[in-house]
Amino acid sequence: LFIITFLFFKTFSSVYANTIYYLTKIPNLEIHDLTASNGIKYLKAEKSFKIGFRENNVQCNNVNENDIKNKFDIIKKNFNKYDKNFLKKINLKYVVLCKNLKVAEIKTAGVPNHDMKTLIVDIKFDERYFERSMHHELFHIVEESYKDLFSYKEWEKFNSPGFKYAKCSTCTNKLDLSLINNTRGFLTEYSMTTASEDMAEIFSFLMVGKKKLEDIVLNDPILNKKTIFLK
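The rules we used
Residues numbered from 1 in each chain as written. Predicted model: local features only at pLDDT ≥ 70, side-chain atom pairs only at ≥ 80, totals over all residues. Heavy atoms only, no water. Buried < 20%, exposed > 50% of the residue type's maximum accessible area, 1.4 Å probe, protein only. Helix = DSSP H or I, 4+ residues; strand = E, 2+ residues; numbered from the N terminus. Arc of directions from axis to C-beta. Contact = heavy atoms within 4.5 Å. Disulfide = S-S within 2.5 Å. Salt bridge = Lys/Arg side-chain N within 4 Å of Asp/Glu carboxyl O.

Considerations on helix 9 (residues 221-230)
Now for step 1: Looking only at helix 9, the buried set comprises I222, L223, K226, T227, F229 and L230. Here the buried residues of helix 9 occupy an arc of 160° about the axis, which is enough to place them on one side. Seen from the open side of helix 9, the exposed residues pointing more than 90 degrees away from its buried face are P221 and I228.
Now for step 2: In this fold, the buried residues of helix 9 make contact with helix 5 (130-145), helix 6 (152-156), helix 7 (195-208) and helix 8 (210-217).

Below is the structure:
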């Protein structure tokens, strides 16, 4: 009976692992939590994984219960701000929990994949920006789902004359995520990299630091226009 039970669970686990890989195209994952009222399936990395079209450029390490237990309530609280219908519209179903997430050897808070309905979250990301980072990365899925609503040309008109974004978010050393004292149209240094990252940063403040953002935009006409646009 013991041997039969063992073989059953081994086969059962293997089937689940294969199903998760089929759905997400990420190896070495297992179920962490399926109880979210908005339908998000939380998965965790049982082993480290590497994925990506260019030499496995996305990599992340495995997590255990001790890694997750202090963060999961925070993670779930933030994603619970989005209801089931909204998540269905933006095509997000799976949140993958791992640590030390990197893209092309550059540390990152998350990796969204609209096509696979997946958002990878680094649970060890900087505590100061951890909550905002989840909404920031989720915004990229929103944008990908409704590209026609987020015109970069229209957005760039909000900025001061002469300002230009970089060609990509990693094409510059502007990586600081802390709030700028003298905003002048941008909430963080990272906001200045690309129009997409600028939008995502403002969205993250709307979802986490709304009161602080409202106080700032009163004295910053550029940020006021950007916030109205996003809303």
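So, the state of the cysteines
Here a disulfide denotes a covalent bond joining the sulfur atom of one cysteine to the sulfur atom of another.
Now for step 1: For the structure on display, the rule yields two disulfides.
Now for step 2: Disulfide pairing is shown between C60 and C98; the S-S distance is 2.1 Å. On the S-S bond that ties C60 to C98, the torsion sits near 90°, and the link is right-handed. Note that C60 is positioned in strand 4 (residues 58-61) and C98 in strand 5 (residues 94-103), a separation of 38 residues in sequence. Neither C60 nor C98 differs from the other in exposure class; each is buried.

Observations regarding the pattern of salt bridges
Now for step 1: This model, assessed by the stated rule, comprises 13 salt bridges.
Now for step 2: The salt bridge partner of K76 is D33, with a shortest N-O separation of 3.2 Å. Taken together, the residues K76 in helix 3 (residues 72-79) and D33 in strand 1 (residues 29-33) connect sequence positions 43 residues apart.
Now for step 3: Since its relative accessible area comes to 18%, K76 is described here as buried.
Now for step 4: Take D33: its relative accessible area is 14%, and that puts it in the buried class.

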